[in-house]
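One letter stands for each residue in the lines below.
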There are 2 protein chains.
Amino acid sequence: MDKRKIFLVIADGIGDRPVASLGGRTPLAAAATPTLDRLAAGGITGLLDPIAPGVCAGSDTAHLALLGYDPYRYYTGRGPLEAAGVGLAPRAGDVAFRCNFATVQERDGALVVTDRRAGRITERTAELAAALDGMKLSGGVTALFKESVAHRAALVLRGDRLSGAVSDVDPHSEGETLHPCRPTVAEGDPEYAAARRTCAALEEFVRRGREILDAHPVNDERRRAGLPPANCPLPRGGGLVPHIPPFGELHGLRAAALVEVGLLKGLLGNYLGFDLIECPGATGGADTDIGAMARAVTRAWDACDLIFVNIKAPDLAGHDDAPGEKIAACLLVDRFLALTETLWHAGTILAVLGDHSTPCEVGDHSGDPVPLLVHGPGVRPDAVEAYDEFACAAGGLGHPRGTDLMPILLNFANRYTKFGA
Amino acid sequence: MDKRKIFLVIADGIGDRPVASLGGRTPLAAAATPTLDRLAAGGITGLLDPIAPGVCAGSDTAHLALLGYDPYRYYTGRGPLEAAGVGLAPRAGDVAFRCNFATVQERDGALVVTDRRAGRITERTAELAAALDGMKLSGGVTALFKESVAHRAALVLRGDRLSGAVSDVDPHSEGETLHPCRPTVAEGDPEYAAARRTCAALEEFVRRGREILDAHPVNDERRRAGLPPANCPLPRGGGLVPHIPPFGELHGLRAAALVEVGLLKGLLGNYLGFDLIECPGATGGADTDIGAMARAVTRAWDACDLIFVNIKAPDLAGHDDAPGEKIAACLLVDRFLALTETLWHAGTILAVLGDHSTPCEVGDHSGDPVPLLVHGPGVRPDAVEAYDEFACAAGGLGHPRGTDLMPILLNFANRYTKFGA
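Residues numbered from 1 in each chain as written. Chains lettered and ligands numbered in written order. Predicted model: local features only at pLDDT ≥ 70, side-chain atom pairs only at ≥ 80, totals over all residues.

**Remarks on the overall build of chain A**
Of the regular secondary structure elements, chain A holds 15 helices and 14 strands. Over its C-alpha atoms chain A spans a radius of gyration of 23 Å, differing by no more than 12% from the 22 Å that the globule rule assigns to 421 residues. Counting only C-alpha atoms and orienting by the principal axes, one finds that chain A spans roughly 70 × 55 × 40 Å. Split into buried and exposed, the 421 residues of chain A put 55% on the buried side. Within chain A, contacts between residues separated by at least 24 positions form 69% of all contacts whose residues are at least 6 apart in sequence. (Helix = DSSP H or I, 4+ residues; strand = E, 2+ residues; numbered from the N terminus. Rg over C-alpha atoms; globule rule 2.2 N^0.38 Å. Buried ≥ 20, exposed ≤ 12 C-beta atoms within 10 Å, placed from the backbone. Contact = placed C-beta atoms within 7 Å.)

Dropping the structure here:
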C-alpha cells in the first residue's frame, strides 16, 4: 500500500467556549470558514483532549503530546526546553534551568533580589553570559550558560548523577532573599543523593556567578548609567533532560515544520529535530503573511513526508479576550487551507486541530477539548458538515487524546507497523 | 440478578475503509446483512479500538486484548504463542522461540544459511525434533523442541533466571551466516545477566542441535534424494513466557471456543485454557460450513457460560483486496447469526465485532477501529439501526478499547464484581 504524506495544521488555541456577544456561539462556530467546513464534510472529525479530559495544557506539553511524546514522561519542566531553545543542546542526564539576569543587593550578609529582570536589560547580555559559560564546579560538574531574549537566559548543569528534583533559587518576588536550593524529594528517595549533589552545584554556580557578574565591566557601565546591574543569575524550573528520540526517527518520517514563535522553534527545531521552514512574513500575530506561509510550505512539500504548521493568531485573540479578532484569526486559518488545496486535495492525510483551547472568557488556556478534522484517502467520512466545537462533538473519531493523534495519522497514511502477527 | 450467558462472535478483520468500486461504502456497509442490522437496531453499538486509536493489531495481540489480557503485559513475542500452539506447554519463566528447520553449510569455519526452510520440508520432522527435544544444556537449562507444520518448529528453554531480551540467531535472509545471540538490553540493565545466560544456552542449543541434525539418518536420506538437509534449528522471536491466568479462572466462567485457524487454536486452547469445540467443516475460508459451525455451537451451548466464535473469512478477503469476497464473507457472518438465533434471542448477551480491520485497499491489518454491537437484556439501545463502520461511529458504547470489552460484557451478563463498597 502506498505511503501517504501527512499535513498537520495546528490552529493555536482555536478552541473556545460559548461567547454571549456571539449569541452563545464560539468564535470558530461564528466564523464563515467554507474550506474548513468542506474538509469536515468530506472527512472525519472528533473532539481531542490534548492531555486528558479537562486537563489544561501548555503549548509545550500539548505539542509534545500531539507529536507522539507522552508529556508525563518527556516534559520535565521549562528548563530543558529553554536550554534547547537558546541552542545549548542539552543532553540526556543534564539538568537544565530557565534563568533571569537579576539585580541583587547584599543586606545583613544575605542577597536580596531587588529586580528580578535587572531593569529588563536588553543589551550586552551575551558578554555577561560568556563570563559564566563553561564554569567548572565542584564534584566534576560543568555549567553551560547562554543568554536568550532580554533578561532571559538558560543554564545547563552537566555531570554524573544529577537530578531535576531541586527547588528554585529564584524567590519569584522582589524584596526577598535568594532561596536555598533544596531537594524536592524526601531523604529516603532513591533520587535524594543526586538531588543533593545538584543543589550544591547550583548554589555554587549562583554564588560564583554573582561574584563574576557583580565585577563585570558591563555592570560597571550600567551602574554609571543609573541602570540596575544584571549581577546575579536566577535559576528556576530545573528539570532532568530526558532522552528524546528525534521526531523523524521515532515515526520513520522526513519531517519539517513552519512555526511562528520562539517556543515552538526551540521545541520542534532544537528539541525534536524537525527541519524548520523559514518564512520571514510569519509574524505570529494577526498580521502574519498567510500567503507567504502557504508558499513556504509549498516549496518544502516535495522533500517531506510530514509537514507541520502552527498558526498562532487564534491563541493571541483568546488571550486578549477579543472574540472579533479570534473570528478573524479563524478566517486566516481557513484561508491558509484554501491556499494549500493543491497540496492536500489528493493523496494527502490532512489534519486540522487546536493544540488547546484559549477561551476568550478565560483569557488563557483551558482544559476544554479542541475540534479535530482528518481528511484524505482511506478516511471513513462521518455525518459532520462543519468544523467547530459543537459539530465535531458528534464526529466519527470520538474523543481521542493528544498522544493518540500520531498513531491515528500514521494509520491513515499507511505508515504504521503491526503490533503482533 | 440472574447471570447471563455470553456469546462472543468475532468477524475476523471485518473493518474496512471506503472502497471506490462500492461507491465509497465499505464491504460491510454494502452487504445486505438483515440479521446484523436487526441486532444493531435492538442493541447498542460503538467503534472499538482493539489496542488504542490508530494502533494496528495482529490477530494474537487483538485477541488477547478482547479476552481481557493487556497485550503490552501478556504479549512477549511470537515464541511463547508458537510453543503453546505446538503443545510444548510453556510455563511462566521459560523462554520460547519460533524456529525453522533450515539448511546450513560450513564455509571457512562459519555456518551459512543456504535455505531457511530446508526445501520446505514436510516429512519426518517429528523424528528430527525428537532428536533435539530434552537436550540438557550448561547452566542447568533444558531445551524442549517440537515440530509444527512443514519447516516450522518451536523451542522452549527452561531454567533459572532466563530472559526473553535476546536477539535472533536466524539471519532472516539466505546466504548469511548464523547470527550470534546477543542481549537486547544494555549492560547496566537488571535483566542483562539473565539475557547473557539465555544467549549462551541458545547458542549451545543451536551448535549441538546442528551437529545432531547433520548426522541424523533422516538427513542422510534427504541428501541421497537430492533434497537439502534440515540440518540446523534456526530460532527467532524469543520471548519470556508470562504467567497467564486461564480465561475461565480470570473471569469466573466456563468457556469454550470454536475457532478455525491454528494460531487461534494455540492461543485460546493451549495458552488461555479454552475448551475447543470441534467442527470439521470449519475450514477458515470462504467455503467454511457455517451451518456446521452453528450446529457445533448449539451442541456446546448448555455446558458453557461463554462461547467464543471466530469466523475467519472476512480477513482473508481483506488480505486479498477482494471487496466482492469480503461482502460474501459478511453475508456468512450474518447467516451464522441467523442460524444461532435460538441461542441469543432471549436471555443471552451477544457481542459481534471485528478483532481488527483488514481494509481491502491495504491488503493487511490496519489501525482503523472495528464496529461493535452488543445485544441482549439490560442493554440500553441506541439510535443506530445498521451494523457497519459508519453507523456504529454514532453508537451508545462510544469508542471503547479492546481491553474494555470483557468488563462491558461481564457487566451486561451480571457477572461482575464491585470495585469498592
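There is more to say, and it comes next.
**Considerations on the sheet that holds strand E12 (residues 306–311) of chain B**
Residue and element names in this part refer to chain B. Spatial strand order, E2-E14-E13-E1-E12-E10-E11: seven strands in an open sheet with mixed pairing. Each of the sheet's edge strands pairs with one partner strand only, and the pair in question is strand E2 (44–48) and strand E11 (275–276). Bridge analysis of strand E1 (residues 5–11) against E12 gives six bridges, and the strand direction is parallel. Opposite Val 9, over in E12, you have Val 309 as the bridge partner. (Pairing = 2+ DSSP bridges.)

**A look at the domain arrangement of chain A**
It is common to give the size of an interface as the accessible area lost on bringing the parts into contact. Residue and element names in this part refer to chain A. As far as domains go, chain A holds domain 1 (5–76 + 245–412) and domain 2 (79–240). Here the C-alpha centroids of domain 1 and domain 2 sit 35 Å apart. Residue-level contacts link eight residues of domain 1 with eight residues of domain 2. Broken down by element, the residue count for the side of domain 1 that touches domain 2 peaks at six residues, all from helix H10 (residues 262–271). The residue makeup of the side of domain 1 that touches domain 2, split by class, is three nonpolar, four polar and one charged. (Domains from an automatic or database assignment. Nonpolar A, V, L, I, M, F, W, Y, C, P; charged D, E, K, R; others polar.)

**Examining the environment of Arg 117 of chain A**
Checked against the element boundaries, Arg 117 of chain A lands in the loop between strand E4 (110–115) and helix H6 (125–132). Apart from the residues lying within four places of it in its own chain, the contact partners of Arg 117 of chain A are Asn 100, Ala 102 and His 151 of chain A.

**Some words on the relation of the copies chain A and chain B**
Overlaying chain A with chain B gives an RMSD of 0.2 Å, the required rotation being 122° about an axis along which the chain moves by 0.0 Å. The superposition operator between the copies reduces to a three-fold rotation axis. Residue by residue, only 11% of the interface of chain A is reproduced at the interface of chain B, so the copies engage with different surfaces. (Least-squares fit on C-alpha atoms with pLDDT ≥ 70 in both.)

**Details of the interface of chain A and chain B**
Each partner contributes residues to the interface: chain A has 19 residues there, and chain B has 30 residues. Contributing elements (two or more residues each) for the side of chain A that touches chain B: helix H15 (405–412) and strand E14 (418–419) of chain A. Among the elements that line the side of chain A that touches chain B, the one with the most residues is H15 of chain A, at four residues. Looking at the side of chain A that touches chain B residue by residue, the classes come out as nine nonpolar, six polar and four charged. The sheet contact formed by E14 of chain A and strand E3 (residues 56–57) of chain B spans two bridges and is parallel.

**Focus on the sheet that holds strand E10 (residues 275–276) of chain A**
Residues and elements named next belong to chain A. Reading across from one edge, E2-E13-E12-E1-E11-E9-E10 is the order of the seven strands in this open sheet, with mixed pairing throughout. On the outer flanks of this sheet lie strand E2 (44–48) and E10, each paired with one strand and no other. Sheet topology places strand E9 (residues 255–258) next to strand E11 (residues 306–311); four bridges connect them, and they run parallel. Bridging from a neighbouring strand, Leu 258 pairs with Val 309 of E11. The sheet strands contacting helix H13 (residues 323–339) are strand E1 (5–11), E11 and strand E12 (348–353), and the helix crosses E11 at an angle near 155°. (Axes fitted to C-alpha atoms, helices over the stretch in contact; angles between N-to-C directions.)

**With respect to the pairing of E2 of chain A**
Residue and element names in this part refer to chain A. Within E2, five of the five residues are buried, which leaves it mostly tucked inside the rest of the structure. Of the two faces of E2, the one lined by Ile 44, Gly 46 and Leu 48 and the one lined by Thr 45 and Leu 47 are each fully buried. Across five bridges, E2 lies against strand E13 (residues 370–375) in antiparallel orientation. In the sheet register, Leu 48 faces E13, and the bridge partner there is Val 370.

**Concerning the UniProt feature "domain: Metalloenzyme" (unreviewed entry) in chain A**
In this numbering, the UniProt entry assigns the feature "domain: Metalloenzyme" (unreviewed entry) to residues 5–411 of chain A. Between the first and last C-alpha atoms of residues 5–411 of chain A the distance is 12 Å; the span itself is 33% helix and 20% strand. (UniProt positions renumbered as here; feature names shortened; annotations may be inferred.)

**Topic: helix H2 (residues 34–42) of chain A**
Residue and element names in this part refer to chain A. By the burial criterion, the buried members of H2 are Leu 36, Leu 39 and Ala 40. In an axial view of H2, the angular spread of the buried residues amounts to 100°, which keeps them on one side of the axis. Buried-residue contacts for H2 involve E2, H13, E12 and E13. (Arc of directions from axis to C-beta.)

**Examining the environment of Asp 214 of chain A**
Residue and element names in this part refer to chain A. Along the chain, Asp 214 turns up in helix H7 (residues 192–214). For Asp 214, a count of 15 C-beta atoms within 10 Å puts it in the partly exposed group. Contact partners of Asp 214, with chain neighbours within four places excluded, come to Asn 219, Pro 229 and Asn 231.

**Description of the pairing of strand E10 (residues 255–258) of chain B**
Residues and elements named next belong to chain B. Of the two faces of E10, the one carrying Ala 255 and Ala 257 and the one carrying Ala 256 and Leu 258 are both buried. Pairing geometry for E10 and E11, over two bridges, is parallel. Residue pairing across strands places Ala 256 opposite Asp 275, the latter belonging to E11. The β-α-β motif built from E10, the intervening helix H10 (residues 262–271) and the parallel element E11 has right-handed crossover chirality. (Right-handed = clockwise from strand over helix to strand, strands pointing away.)

**Regarding the packing of helix H6 (residues 125–132) of chain B against helix H7 (residues 192–214) of chain B**
Residues and elements named next belong to chain B. Axis separation between H6 and H7 bottoms out at 9 Å; the angle between their running directions is 135°. Taken together, the axes of H6 and H7 lie oblique to each other. In this structure, H6 crosses over H7, and the sense of that crossing is right-handed. For the pair formed by H6 and H7, the contact residues are Leu 128, Ala 131 and Leu 132 on the first element and Gly 209, Ile 212 and Leu 213 on the second. Taken together, the residues that form the contact of H6 with H7 break down as five nonpolar, one polar and no charged. (Parallel < 35°, antiparallel > 145°, perpendicular 65-115°, else oblique. Left-handed = near helix turned anticlockwise from the far one by under 90°.)

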